[in-house]
Amino acid sequence: MPTKPERTDPDPTSPAGEHVLDVRDLSVHFELQGNAFSRLLGLRRRTVRAVDGIDLRIGRGEVVGLVGESGSGKTTLGRAMLGLVPATGGAITYHGKSGTAEVTAMRGAALRQLRTDLQMVFQDPTAALNPSMTIAEAVAHPLVIHGWGSREEQRARVVATLERVGLSPVESFLDKYPADLSGGQKQRAVIARAIILDPEVLIADEPISMLDMSVRAKILQLMLDLKRDLGLTYVYITHDLASAKYFCDRIAIMYLGRIVEIGPTEEIFANPRHPYTRALLAAIPDPDPDRSIPRDLPRGEIPDAAEPPSGCSFHPRCPVAVAECGWEARDLKTLVENHWTRRTPEEYDAESAVVGPLEDLAGPDAEPRLGRAGAGSTRELLERIRSEDPDEPLWRGVDDIVDDGDGVRVDFHPGIDPGLRAAGGVQVACHLYPDEAGASGSGGGVPPNAGQSA
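The rules we used
- Residues numbered from 1 in each chain as written.
- Predicted model: local features only at pLDDT ≥ 70, side-chain atom pairs only at ≥ 80, totals over all residues.
- Heavy atoms only, no water.
- Helix = DSSP H or I, 4+ residues; strand = E, 2+ residues; numbered from the N terminus.
- Buried < 20%, exposed > 50% of the residue type's maximum accessible area, 1.4 Å probe, protein only.
- Contact = heavy atoms within 4.5 Å.
- Areas by Shrake-Rupley, 256 points an atom, 1.4 Å probe, with all protein chains shown as cover.
- Axes fitted to C-alpha atoms, helices over the stretch in contact; angles between N-to-C directions.
- Parallel < 35°, antiparallel > 145°, perpendicular 65-115°, else oblique.
- Left-handed = near helix turned anticlockwise from the far one by under 90°.
- Nonpolar A, V, L, I, M, F, W, Y, C, P; charged D, E, K, R; others polar.
- Polar contact = N/O pair within 3.5 Å; in protein donor to acceptor, adjacent residues only side chain to side chain.
- Pairing = 2+ DSSP bridges.

Participant: Help me understand the overall build of the chain, please; the structure alone is not making it clear to me.
Facilitator: Scanning the chain for helices and strands turns up 14 helices and 15 strands. The buried share of the chain, reckoned over its 454 residues, is 49%. Counted over contacts in the chain with a minimum sequence separation of 6, partners at least 24 positions apart contribute 66%. Of the roughly 21300 Å² of accessible surface on the chain, 51% is carried by carbon and sulfur atoms.

Participant: Teacher, can you tell me more about the packing of helix α7 (residues 183–195) against helix α8 (residues 213–230) here?
Facilitator: Each pair of packed helices gets described by two things: the angle between the helix axes and the distance between those axes. Across the interface, α7 lies against α8 with an axial gap of 11 Å and an inter-helix angle of 20°. Taken together, the axes of α7 and α8 are roughly parallel relative to one another. Considering how the two elements wind past one another, α7 and α8 form a crossing that is right-handed. On α8, the residues touching Gly 184, Gln 187, Arg 188, Ile 191 and Ile 195 of α7 are Val 215, Lys 218, Ile 219, Leu 222, Met 223, Leu 226 and Leu 230. Taken together, the residues that form the contact of α7 with α8 break down as 8 nonpolar, 2 polar and 2 charged.

Participant: Would you mind showing me how to read the side chain of Asp 417 here?
Facilitator: Turning to its location among the elements, Asp 417 is positioned in the loop between β13 (407–412) and β14 (421–423). Of the polar contacts made by the side chain of Asp 417, one reaches the side chain of Arg 258; its length is 2.9 Å. At 3.2 Å, the side chain of Asp 417 forms a polar contact with the backbone nitrogen of Gly 419.

Participant: Would you explain the pairing of strand β4 (residues 89–96) in this entry?
Facilitator: It is a general feature of regular strands that their side chains alternate between the two faces of the sheet. Summarising the sheet, strand β1 (residues 19–32) and β4 pair through 5 bridges and their orientation is antiparallel. Of the residues in β4, the one forming a bridge with Asp 22 is Thr 93. Bridge count between β4 and strand β5 (residues 99–102): 4 bridges; the pairing is antiparallel. Across the sheet, Thr 93 pairs through a bridge with Glu 102, a residue of β5. With antiparallel pairing between neighbouring strands as the criterion, β4 and β5 make up a hairpin whose turn holds 2 residues.

Participant: How should I be thinking about the sheet that holds strand β15 (residues 426–428) in this particular structure?
Facilitator: Pairing between the strands of a sheet comes from backbone hydrogen bonds, and it takes one of two forms, parallel or antiparallel. The strand order across the open sheet built from 8 strands is β6-β7-β8-β3-β9-β10-β15-β14, with neighbouring strands paired in mixed fashion. With one partner strand each, in any of the chains shown, β6 (118–121) and β14 form the two edges of the open sheet. Neighbour-to-neighbour, the strand axes of this sheet turn through a mean angle of 20°, independent of strand direction. In this structure, strand β10 (residues 258–264) lies alongside β15, joined through 2 bridges in antiparallel fashion. In the strand pairing of β15, Glu 261 is matched with Val 428. Against the sheet, helix α2 (residues 74–81) touches β3 (63–67), β6, β7 (201–205), β8 (233–238) and β9 (250–255), its axis set at about 150° to β8.

Scope: geometric values only; no functional claims are made or implied.
Structure follows, in structure tokens:
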């Protein structure tokens, strides 16, 4: 069975100064209950590990980017920091102006009071604003909820806050409704509502992805100005590495609920270590139509978060995966099915008669059995598949192929969850980088820069 590494310092890449948020071994899981018919049949319930054992420290005044594809868990992590989704395990500690509080243990009034210190800017400003409220009412709403000041004081604070976010002359916006504003103006109003209680931390969830290209840089510059003037700390959630490079001090790359690489923005861009990080950087569009850049994009799709791959969760898509990455039965199933897409119908019929149905290869078994027409025929088919692409990473994980009745048993090397380990100025969860303490090898001698484009 795949093994997990021992935990060390929760985030050695974080600043040496004061921390405002401390995330320790955080997990957020969601149960998929299924319908009444599935429960009647006794089918097992599945669990989606949206966030799966994350450690992260955020320094006061820092901008930390959470970057990854849809489904990587970055939004769930951001919501958990605000107590908007309950944690399954671990803890989030907020070191605020008035003391230390454990967010994951807060309920009711205590959690509501936390909103004065931690706020969120949502992705879609149109959905974030109540269409029946004027801009003045929407921005003042947090003051009303928390009983701050008189009506006149609230009005004065709304005016000052709208001016601060660039909605001026203010008199032109106070009595307008969201439908009367452009996308950029609505996002400025959402930011005004988020900062009106003078919070310390803003969780910004894709704050520019719904905006026109012409206003995105202006909104990011506004957020940087607010950081400077108000001393804000940001957690910036995005799939856009280009905006993260412009905005963030540190970047955490997320994949299937885990952080796979984290470090200073300059280091992440100058020398990406994890194959997934390299793939994300390779996917950034180049504005020069005459320049050809190799696109070494990951093969396949993001796996099911309810049944993540064993070992390194990225290994089924990784072009430089090694033996320790955690190969299993379903990887072999995918390999055989991909081979069949290149066969004629007659060839498929003959080969499928050799191996039989592949349903038994749908799980995480590290010693899968294949074949029903004789061990020799099955071995011959596997050798034919291997000869088509001898560099296929899966073969690096095969320890042995053993005759087993009328088929064979494929013994994969035991998978190991690499965990985060130091690699220069970053932390990376990859077997290509030996642990500085010497706890993990390089995984079959593959060089650390394997697969990296110049």
